[in-house]
Amino acid sequence: MKIYESGHILKAHPVLGENAHRRMKQLKDRGEEKYRNVYWGALMGESDKSKSVLLMEIGDLVIVEWSHNGAFLAFRKSVHAPKLFEDTYKARRLRQAGS
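Just so it is clear, the model here is predicted, and its values are computed rather than measured.

Caption draft 1: The arrangement of the overall build of the protein chain in detail. The helix and strand tally for the protein chain stands at 3 helices and 6 strands. Taken from the N to the C terminus, the helices and strands of the protein chain come in the order α-β-α-β-β-β-β-β-α. Computed over C-alpha atoms, the radius of gyration of the protein chain comes to 14 Å, within 12% of the 13 Å expected from 2.2 N^0.38 for 99 residues, which places it in the range of a compact globule. Along the first, second and third principal axes, the C-alpha atoms of the protein chain reach 40 × 35 × 25 Å. Within the protein chain, counting contacts between residues at least 6 apart in sequence, those at least 24 apart form 51% of the total. Surface exposure of the protein chain reaches about 6,700 Å², of which carbon and sulfur atoms provide 53%. Averaging the coordinates of the 18 positive side-chain charges in the protein chain and doing the same for the 12 negative ones gives two points 3 Å apart.

Written as structure tokens, this is what we have:
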């Protein structure tokens, strides 16, 4: 992925939908070493339980990239932009972050 290799992505945080969140929690709860330092946010209020989001900071932008043919949204960093590394995120809020 060229944008990753170029160093433009300053931070990234996965926000997992219900299905992926449940599966990752099972894997982490097993106590295996490779999952010990894996962290993610939980996506709340999304009707499609298979959808997840990748939040990224690129320059002065916060990118919200939805899985499964979802939207790619970009917001200027501000008090209204999504904050990375939260425990939970509301789907509606991620879709309207710049409003």
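Caption draft 2: Just the sheet that holds strand 2 (residues 41-44), in detail. The 6 strands are arranged 5-4-3-1-2-6 in an open sheet whose pairing can be described as mixed. In the strand order of this sheet, the two ends are held by strand 5 (72-76) and strand 6 (88-90), each with one partner. For this sheet the average axis-to-axis angle between neighbouring strands, irrespective of direction, equals 25 degrees. In the sheet, strand 4 (residues 61-66) pairs with strand 5 via 5 bridges, with the strands oriented antiparallel. Directly across from isoleucine 63, in strand 5, lies its bridge partner alanine 74.

Caption draft 3: How the structure looks around the nonpolar core. By size, the foremost hydrophobic cluster in this structure holds 14 residues, and its most contacted members are Val15, Leu43, Val53, Leu55, Val64, Trp66 and Leu94. Secondary-structure elements contributing two or more residues to this core are strand 3 (53-58), strand 4 and helix 3 (91-95). Setting aside anything within four residues of it in sequence, one finds valine 53 in contact with His13, Pro14, Val15, Leu43, Val64, Glu65, Trp66 and Leu94.

Caption draft 4: Spatial organisation of the pairing of strand 4. Bridge analysis of strand 3 against strand 4 gives 6 bridges, and the strand direction is antiparallel. Directly across from leucine 55, in strand 4, lies its bridge partner valine 64. What sits between strand 3 and strand 4 in their antiparallel hairpin is a turn of 2 residues, with glycine 59 showing a positive phi close to 60 degrees. Hairpin connection from strand 4 to strand 5: 5 residues lie between these consecutive antiparallel strands, with histidine 68 at a positive phi of about 55 degrees.

Cut-offs applied
- Residues numbered from 1 in each chain as written.
- Predicted model: local features only at pLDDT ≥ 70, side-chain atom pairs only at ≥ 80, totals over all residues.
- Heavy atoms only, no water.
- Helix = DSSP H or I, 4+ residues; strand = E, 2+ residues; numbered from the N terminus.
- Rg over C-alpha atoms; globule rule 2.2 N^0.38 Å.
- Contact = heavy atoms within 4.5 Å.
- Areas by Shrake-Rupley, 256 points an atom, 1.4 Å probe, with all protein chains shown as cover.
- Lys, Arg positive; Asp, Glu negative; His and termini not counted.
- Charge placed at Lys NZ, Arg CZ, Asp CG, Glu CD.
- Pairing = 2+ DSSP bridges.
- Axes fitted to C-alpha atoms, helices over the stretch in contact; angles between N-to-C directions.
- Core = buried A, V, L, I, M, F, W, Y, C linked by side-chain atoms within 4.5 Å.
- Buried < 20%, exposed > 50% of the residue type's maximum accessible area, 1.4 Å probe, protein only.

Nothing here speaks to function; it is all geometry.
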